[in-house]
Amino acid sequence: MKPQEQRIEEVCKDVESLLKKKNHDYGNSFSVQYEKYGVMSAMIRMDDKMRRLENLVKGTLAQVDESIEDTLLDLVGYGTLALVELRKQKEF
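The structure displayed is predicted, hence computed values, not measured ones.

**Some words on the packing of helix α2 (residues 29–37) against helix α4 (residues 68–91)**
Right, on to step 1. Closest axis-to-axis distance for the α2/α4 pair is 10 Å, and the angle between their directions is 55°. Considering their axes alone, α2 and α4 lie oblique with respect to each other. Crossing geometry of α2 relative to α4 is assigned as right-handed. Contacts between α2 and α4 involve Phe 30, Ser 31 and Tyr 34 on the former and, on the latter, Tyr 78, Leu 81, Ala 82, Glu 85, Leu 86, Lys 88 and Gln 89.
Right, on to step 2. In terms of residue class, the contact of α2 with α4 is made up of six nonpolar, two polar and two charged.

**Details of the layout of surface pockets**
Right, on to step 1. Space inside the largest pocket adds up to approximately 330 Å³.
Right, on to step 2. Every residue lining the largest pocket is counted, 18 residues in all, and those nearest its centre are Leu 19, Lys 22, Asn 23, Phe 30 and Leu 81.
Right, on to step 3. Only α1 (4–26), α2 and α4 provide two or more residues apiece to the lining of the largest pocket.
Right, on to step 4. Of the residues assigned to the lining of the largest pocket, the class counts are seven nonpolar, six polar and five charged.

The rules behind each value
- Residues numbered from 1 in each chain as written.
- Predicted model: local features only at pLDDT ≥ 70, side-chain atom pairs only at ≥ 80, totals over all residues.
- Heavy atoms only, no water.
- Axes fitted to C-alpha atoms, helices over the stretch in contact; angles between N-to-C directions.
- Helix = DSSP H or I, 4+ residues; strand = E, 2+ residues; numbered from the N terminus.
- Parallel < 35°, antiparallel > 145°, perpendicular 65-115°, else oblique.
- Left-handed = near helix turned anticlockwise from the far one by under 90°.
- Contact = heavy atoms within 4.5 Å.
- Nonpolar A, V, L, I, M, F, W, Y, C, P; charged D, E, K, R; others polar.
- 1 Å grid on protein atoms, 1.4 Å probe; cavity = no way out; pocket = protein on both sides within 12 Å on 5 of 7 lines; lining within 4 Å.
- Points joined across faces, edges and corners; volume = space filled by probe spheres on them.

Here you go:
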């Protein structure tokens, strides 16, 4: 059985990989939206994912192929992106 620290490291690497891939595909869309609307933009995206997670947990039949794990990765990703933007603002 893997130690907890290794599991945490693996999840962080998965999130990093996903964020880099999505940033490549979508460009800096999160940064642009955050610059325009602030932290509220992150809250809205995360709220959408929370609603998605709630439906998945309830077992609501999905029309889009997205698992609970996918949704949780997205939530962590949005939190990470929001933190990146928040720290960027502190640099100025």
